[in-house]
Amino acid sequence: MASLIGSYSLFFSLGFSVLILFFSFKNLKNTINFDNKLLSLTFLQLLFIILSFFGLIIAFINSDFSNSTVFNHSHTTKPLFYKISGTWGNHEGSLLLWLLVLTLFIFLFLISSKKQPKKYRVLTLLFQQIIIIGFLIFLIQTSNPFAQIYPVPSEGLGLNPILQDPALAIHPPILYLGYVGSSIIFSSVLAASSTNYISKEWAKHIKQWILISWIFLTLGILLGSIWAYYELGWGGFWFWDPVENVSLMPWLALTTLFHCVLVLEKKLLLTSWVVILSIATFTLSMSGTFLVRSGILNSVHTFANDPERGLYILIFLFTLIFLSLFVFFFFHKTDGQNNTSFFWLSKETSILINNWFMMYFLAVVLIGTIYPIFLDVLTSQKISVGPPFYHKLIIPFLIPFLLAMAIGPKLNWIKSNLQNKSHLLLLFAISLILSFLIIRILEISFLVNTILFTSAFYLFFITLRDFFIKGFKNLAQNIAHFGFSLLILSILFNNFLSTEVITNLKVGETYKSDELTINFEKIEKIKKQNFEAIIGKFNVKSDNELVDILKPELRIYNQPNIVTSEADIKTNLLSDKFMTMNLVQNQEYFNIRYQIKPFMIWIWFSVIIISFGGLFSFFKKKI
Amino acid sequence: MKTKILLPFIIVSFLFIFFILYVGLNRSNIYIPETVTNEKIPTFKVKVFNSEKKLTSIEIFENDIYYLLNIWASWCIPCRDEHPYLMELKKNKKLEIVGLNYKDKVKNANNFLNELNNPYTLILSDTDGTIAIEWGAYGVPETFLIYNGKIIKKIIGPMNNNLFKEIESVVK
């Protein structure tokens, strides 16, 4: 029943799309005022998508296996929480979530943009409807979440155990708010270009939407990263996996876009940057969907492969790209705006410099992600691009990037000089000495490391100083930049100070090294609703003092039958103690991996600080 | 004026990207092996993994048995996929598996082997990737079947069940 309602709701929404298109065109031609019918229609469309989404959730809760999505991704023994989160833990359901966000955002846009010009609002709605229609047809045609199975199976196939996790349950909705939220920026920029409305007022208004997307995207990436850290048990936070890369690319574009919009709002400069980046952000999000859903890339978390789906998104993606190219080249006016020359020492120049760096980072990630596809098609060669590629190309360029991030906000708009800026030199000297000492103590004597630490510390000290000197002035920016310096420092320390012990132990055995001993005390078995767990108990001692008791788990899930390894992580402010346990085949031994990862929590924490900066900026104007 | 050149250029570039992705989409995701027969193995000198000893290519492949040279790295995800096949091939007494650890950190490489077990009788260390270039390798993983100083078969990308059976049938 719920499936049926959900299924029909989709068709109704498509019907409303057609109506909205019709009335939009009519509204564009005839009247001066915004036709409120459009608002009602948008609301009704949203309502039906919500209905459809709830239909799917209810089908999941009731374990209605006549629905093929539920059959493929759920099971009666699953806890209620994961039945619900299973709704978006699969291809069909997650696309429905896409649609929900698309329609929700256009509705919110319409009710919050009443002061904007009529033509601009109608056109934004129109462009957004094109995206909505594209996705509706895609959903109904190739990935209907309400497809029926007959005869009705008595039991479902179950949800992949690694997805049965609280962080991952909320990760997709948050990430999608960021991903799909950028659609509003895309539609809006096309509308503003077409009506020649790219102005300071527009910048001020779209900035809020950029911030919303940006905050959710940042948090979404963070959640995914935390999940990978403790669930996949690889003991790291970023693997340069294609799926991670496709979420990083829109983030880089969006971050750059935000800075450009700031310049646009103040100085009416960089309009072309803003237009191109707005288009790029959403097309990159879409490309991400294409790369992940079509199965063209091999990754740790691909969805079911289906070339038909891939082809549809590919065609749709390029239709949108060509549409935006058309708007950009034939409607976007650049005359008279970009002719202002930049003085070399000014805030806008430093933003421009960092824009180029961001574009460079984006290009590196983009090439690393899609180059294997190109090489394969053109020469039939297979390659695997791994972390060394990204590290080599990105890390050296972080240095000037960090320095510009530190100095840039100190400069004035238009023209600046460096008088009364002696503290900049002083802080740089302090950072340099501090980094030098750290490098000496850690015994990593590379020049590039010293400079890297220096520039990270430099940004850290400068932003820290500003909290005291400037108080509430530029607080949002300062918080975000401070968070970024903290992130880089945490990553650096984490990278250089991590230690690891890997050994095979059986129950009762003890591993001894100079620094610590690990005693495998016992194992116990526990039966839960959807899995059985083997829990090991390990006593970790250092200098004969008990430091930690760690209990890593092996879980044997019943549906589907998969063994996963759950790391036990003891977190404190200074470091994470991380232990995983794996079966060694046909033996009584267990493979034990014990890691000490310093400042792990600071990596997560600094990303939260960064997004908090965005949040602060979002509310700043309204207070 | 600028637009007149730029726009067609951009459109052509995007059409090219579309074409590539379209073709890529219709290709199977299974790695296609490339066979090179009777090519001589390159001569080189290489450091042995976890030791300071150096060996030449002649010393490494001197015996009258089949050798499998496998280029791998701990950061390479497809290497994890093919690992069980290598473990299975290890049981074959007429075959010796030589690993070439490609652009890797010793610590990470050791962890990889501890976690998944070690299929190699000998591991060579190629920290800067130059030895892999000598072999004409494109990336990781890549595997060469060698007999009598000659490359009988070259596999680009991870091993799969068919290739595994093929090797088993060659090495009897």
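These numbers were taken from a predicted model, which means no experiment stands behind them.

**Comments concerning the interface of chain A and chain B**
- The partner chain B presents 34 residues to the 39 residues of chain A that form the contact.
- Of the roughly 3,500 Å² buried at the junction of chain A and chain B (both faces included), carbon and sulfur atoms supply 71%.
- Counting the surface chain A buries against chain B, the share from its top three residues, Phe329, Val377 and Lys382 of chain A, is 19%.
- The interface formed by chain A and chain B includes 1 salt bridge.

**Considering the domain arrangement of chain A**
- Split by domain assignment, chain A resolves into domain 1 (1–163), domain 2 (165–384), domain 3 (387–497) and domain 4 (499–601).
- Averaged C-alpha coordinates put domain 1 of chain A and domain 3 of chain A at centres separated by 45 Å.

**Side note on the nonpolar core**
- Counting residues in hydrophobic clusters, the biggest one holds 175 residues, and the most contacted among them are Phe135, Trp202, Phe453 and Phe484 of chain A.
- Leaving out residues up to four positions away in the same chain, Phe484 of chain A has contacts with Phe401, Leu402, Met405, Leu459 and Ile610 of chain A.

**Quick notes on the packing of aromatic side chains**
Residues and elements named next belong to chain A.
- Using the criterion set out here, one finds 63 aromatic pairs over all chains in the structure.
- The interplanar angle of 70° and the centroid separation of 6.5 Å between the aromatic rings of Phe135 and Phe138 together place this pair among those described as edge-to-face. Separated by 3 residues within a single helix, Phe135 and Phe138 lie in helix α6 (residues 118–142), roughly one turn from each other. Both residues of the pair, Phe135 and Phe138, count as buried.
- Measuring from centroid to centroid gives 5.1 Å for Phe618 and Phe619, while their planes differ by 80°, and the two rings are edge-to-face.
- Grouped by ring-pair contacts, the aromatic residues Trp98, Phe135, Phe138, Tyr176, Tyr179, Phe186, Phe282, Tyr312 and Phe316 constitute a single cluster.
- The ring of Phe34 carries Arg121 above its face, with NZ or CZ at 4.2 Å from the centroid.

**Considerations on the pairing of strand β5 (residues 95–102) of chain B**
All names here are of chain B.
- In terms of residue burial, β5 counts as a mostly covered element, since 7 of its 8 residues are buried.
- Both strand β4 (residues 66–72) and β5 contribute to a ladder of 7 bridges, which runs parallel. Within β5, the position partnered with Ile71 by the bridge is Leu100.
- Remark: the β4/helix α3 (residues 77–90)/β5 crossover connection has right-handed handedness.

**Details of the environment of Phe397 of chain A**
Residues and elements named next belong to chain A.
- You can see Phe397 is positioned in helix α13 (residues 387–407).
- In this structure, the C-alpha to C-alpha distance between Phe397 and Tyr360, residues 37 residues apart in sequence, is 9.0 Å.
- Filtering out sequence-adjacent residues up to four positions away, Phe397 remains in contact with Phe357, Tyr360 and Phe361.

**Some points on the sheet that holds strand β1 (residues 499–505) of chain A**
- An order of β1-β10-β9-β8 (chain A) is seen for the 4 strands of this open sheet, with the pairing classed as antiparallel. Of all strands in the sheet, those with a lone pairing partner are β1 and β8 (568–571) of chain A, marking the two edges. Adjacent strand axes in the sheet meet at a mean angle of 10°, parallel and antiparallel pairs treated alike.
- Sheet strands in contact with helix α16 (residues 475–497) of chain A are β1 and β10 (590–598) of chain A, and its direction is about 135° off that of β10 of chain A.
- Packed onto the sheet, helix α4 (residues 106–116) of chain B meets β1 and β10 of chain A and runs at close to 25° relative to β1 of chain A.

**Let's talk about the pattern of salt bridges**
- One pass over the full model with this rule turns up 13 salt bridges over all chains.
- Ionic pairing is found between Glu92 of chain A and Arg309 of chain A, a salt bridge with its closest N-O pair at 3.0 Å. Here the residue Glu92 of chain A occupies a position in helix α5 (residues 91–112), and Arg309 of chain A occupies one in helix α11 (residues 307–330), the gap between them amounting to 217 residues. Across the pair, exposure class does not vary: Glu92 of chain A and Arg309 of chain A are buried alike.
- Here Glu500 of chain A makes a salt bridge to Arg593 of chain A, at a shortest N to O gap of 3.0 Å. With a gap of 93 residues between them, Glu500 of chain A in strand β1 and Arg593 of chain A in strand β10 connect regions that are remote in the sequence.
- The exposure class assigned to Glu500 of chain A is partly exposed, which follows from its relative accessible area of 21%.
- Each of Glu500 and Arg593 of chain A together with Arg80 and Glu115 of chain B takes part in salt bridges that share partners, so that together they form one network.

**Examining unusual backbone geometry**
- Residue Pro151 of chain A is reached from Tyr150 of chain A by a cis peptide bond, and omega for that bond is -5°.
- Position of Pro151 of chain A among the secondary structure elements: in the loop between α6 and α7 (166–194).

**Some remarks on the side chain of Asn539 of chain A**
Residue and element names in this part refer to chain A.
- Take Asn539: it is sitting in strand β4 (residues 531–542).
- The class for Asn539 is buried, based on a relative accessible area of 10%.
- A distance of 2.8 Å separates a polar atom in the side chain of Asn539 from a polar atom in the side chain of Glu521.
- Ignoring anything within four residues of it in the chain, the contact list for Asn539 reads Thr517, Ile518, Asn519, Glu521, Leu546, Asp548 and Ile549.

**Concerning the pairing of β10 of chain A**
Residue and element names in this part refer to chain A.
- The element β10 is extensively covered by neighbouring structure, given that 8 of its 9 residues are classed as buried.
- Of the strand pairs in this sheet, β1 and β10 are connected by 7 bridges, and their pairing is antiparallel. For Asn504, the partnering residue across the bridge sits in β10 and is Asn591.
- Bridge analysis of strand β9 (residues 575–583) against β10 gives 9 bridges, and the strand direction is antiparallel. Residue pairing for β10: Ser575 is matched across the bridge by Pro598.

**A closer look at the environment of Phe484 of chain A**
Residues and elements named next belong to chain A.
- Among the secondary structure elements, Phe484 is positioned in helix α16.
- Given the relative accessible area of 14%, Phe484 is considered buried.
- With 209 residues separating them along the chain, Phe484 and Val275 place their C-alpha atoms 26 Å apart.

**Here we look at the packing of helix α12 (residues 347–379) of chain A against α13 of chain A**
All names here are of chain A.
- Interhelical geometry of α12 versus α13 gives an angle of 165° and a closest axis separation of 10 Å. In terms of orientation, α12 and α13 fall into the roughly antiparallel class. As for the relative orientation of α12 and α13, their crossing is left-handed in sense. Of α13, the residues touching α12 (which contributes Asn354, Phe357, Met358, Tyr360, Phe361, Val364, Val365, Gly368 and Thr369) are Phe389, Tyr390, Leu393, Ile394, Phe397, Leu398, Pro400, Phe401, Ala404 and Met405.

Rules used throughout
Residues numbered from 1 in each chain as written. Chains lettered and ligands numbered in written order. Predicted model: local features only at pLDDT ≥ 70, side-chain atom pairs only at ≥ 80, totals over all residues. Heavy atoms only, no water. Contact = heavy atoms within 4.5 Å. Buried area = accessible area lost by both parts, 1.4 Å probe. Salt bridge = Lys/Arg side-chain N within 4 Å of Asp/Glu carboxyl O. Domains from an automatic or database assignment. Core = buried A, V, L, I, M, F, W, Y, C linked by side-chain atoms within 4.5 Å. Buried < 20%, exposed > 50% of the residue type's maximum accessible area, 1.4 Å probe, protein only. Phe/Tyr/Trp six-rings, centres within 6.5 Å; stacked < 30°, edge-to-face > 60°. Helix = DSSP H or I, 4+ residues; strand = E, 2+ residues; numbered from the N terminus. Lys NZ or Arg CZ within 6 Å of the ring centre and 35° of its normal. Pairing = 2+ DSSP bridges. Right-handed = clockwise from strand over helix to strand, strands pointing away. Axes fitted to C-alpha atoms, helices over the stretch in contact; angles between N-to-C directions. Polar contact = N/O pair within 3.5 Å; in protein donor to acceptor, adjacent residues only side chain to side chain. Parallel < 35°, antiparallel > 145°, perpendicular 65-115°, else oblique. Left-handed = near helix turned anticlockwise from the far one by under 90°.

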